[in-house]
Amino acid sequence: MQDTTWPPLPFEDWSDTYETLHLYTQVAGKIKLALSPFLNEWWHVALAIWSRGITTGPIPFENRIFEIRFDLVSHKVEILDSAGSIKTIELVPRPVAEFYKLILSNLREIGIEVVIAPAPQEMESTIPLESDIVHCSYERDSVSRFWAIIASLEGVFQRFRSGFSGKSSPAQFWWGSFDFGISRYCGRQCSQPLKANRMARIGGDEEHYAAGFWPGSGKLLKPAFYAYGYPAIPGIDSAKIMPKEAYWNKDIGEFILHYDDVRSSPSPEKMINDFLTSTYEAVANLGKWDRKFLERKVE
């Protein structure tokens, strides 16, 4: 029987579709960035999960709200507003430039005007979204497998979050890096390098722990779970973590657990939770967090 909860997702098998979907989500993410009120840690720009895919959540515009939803079950994008408008765009192989134009034209048809920066964020591609005809792949089976993983992780992340009473993020989908993750904060401020850009100054103004999943990129071309503490903690690279398959990746500067090790485990959720719990404890203990104050026992 095929595993539909933790299916295989080899990087090389869907890299073209992955890059295209990444760029599609950047169009929606940039619209959210342009129109949403600011929140700490850039939380206002992150996408979220709904029961069939990825969504911007409600975005305010004048006297109404609207939402852009990626339905990764039926493979379509829906634009909905509080006045009852619904626009649908099928997710099929099409250039990013065409998708970009369709999103903005559909928004204009329901009276929403928005201007976004067309340059891709945190990607190797530098082709402006509005003129990108290179990225045009969309293979449904790969997207369905990716979505099955994300859908399974939402509950895992929610349960992990419940044991922390300090400031913590909901599970968030970051369209810049195309990762799905969570963060915990200890309540202490930290200074930034003098040349840090605005994104780094705001996103890294507090000591925190972050963990999540991403399909791979850059120095690790395979799907994996990651975890790290910010700022970097002396000795963290030699901390003992679980499960035994997890390790410190010195090239990335993060703890890594390969997704293939998780999906081949008899208890994938336990393995993920062990990774989250042990890497958090390593960061909290070495960082001297006030764990007694920040944590609570879940009844």
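Above this text you will find the structure in question.
Residues numbered from 1 in each chain as written. Predicted model: local features only at pLDDT ≥ 70, side-chain atom pairs only at ≥ 80, totals over all residues. Heavy atoms only, no water.

### Overview of the packing of aromatic side chains
A ring pair, where both rings are aromatic, is described by two values, the distance of the centres and the angle of the planes. Put simply, the test is: Any two of the Phe, Tyr and Trp rings considered here, Trp counted by its six-membered ring, make a pair once their centres fall within 6.5 Å; the pair's planes then place it as stacked at under 30 degrees, edge-to-face at over 60, or tilted in between. By definition, being over a ring means that NZ of Lys or CZ of Arg is both within 6 Å of the ring centre and within 35 degrees of the ring normal.
The final tally for this structure, using the stated rule, is 20 aromatic pairs. Ring geometry for Tyr280 and Trp289: centres 5.8 Å apart, planes at 70°, overall edge-to-face. Taken together, Phe11, Trp14, Tyr18, Phe146, Phe173 and Phe178 form an aromatic cluster joined through their ring pairs. The ring of Trp43 carries Lys167 above its face, with NZ or CZ at 5.6 Å from the centroid.

### Thoughts on the side chain of His22
Convention followed: By definition, any uninterrupted DSSP run of H or I lasting at least four residues is a helix, any uninterrupted run of E lasting at least two residues is a strand, and each is numbered from the N terminus. When accessible area is computed with a 1.4 Å probe and restricted to protein chains, residues below 20% of their type maximum are described as buried, those above 50% as exposed, and intermediate ones as partly exposed. Working rule for contacts: check all heavy atoms of both residues, and any pair within 4.5 Å makes them a contact.
Mapped onto the elements of the fold, His22 is located in helix α1 (residues 11-35). Since its relative accessible area comes to 6%, His22 is described here as buried. Once you skip the residues sitting within four places of it in the chain, His22 turns out to touch Met123, Trp175, Gly176, Ser177 and Phe178.

### Some details on the packing of helix α3 (residues 140-161) against helix α6 (residues 268-286)
The angle between the axes and the distance between the axes are what describe a pair of packed helices. Rule in force here: The axes are straight lines fitted to the C-alpha atoms, using for helices just the contacting stretch, and the angles between their N-to-C directions are given from 0 to 180°. Working definition: roughly parallel below 35 degrees, roughly antiparallel above 145 degrees, roughly perpendicular at 65 to 115 degrees, and oblique for all remaining angles. For any helix crossing, the convention is left-handed if the near helix is rotated counterclockwise from the far helix by under a right angle, and right-handed if that rotation is clockwise.
Where α3 contacts α6, the two axes come as close as 11 Å, and the packing angle between them is 40°. Classed by the angle they form, the pair α3 and α6 counts as oblique. Like other packed secondary-structure pairs, α3 and α6 cross with a definite hand, here right-handed. Residues Leu153, Val156, Phe157, Arg159 and Phe160 of α3 form the contact with α6, whose own contacting residues are Glu269, Ile272, Asn273, Leu276, Thr277 and Tyr280.

### With respect to unusual backbone geometry
What you tend to see is this: most non-glycine residues have negative phi, and most peptide bonds are trans. Between Tyr230 and Pro231 the backbone carries a cis peptide bond, its omega angle lying at -5°. In this chain, Met242 is followed by Pro243 through a cis amide linkage whose omega measures -10°. For Pro243, the location among the structural elements is in the loop between β10 (224-230) and β11 (247-249). Even without being glycine, His75 reaches a positive phi, approximately 60°. Considering the arrangement of structural elements, one finds His75 in the loop between β4 (64-71) and β5 (76-81). We classify His75 as buried; its relative accessible area is 3%. Phi at Glu122 is positive, roughly 55°, even though this residue is not glycine. Considering the arrangement of structural elements, one finds Glu122 in the loop between α2 (96-109) and α3.

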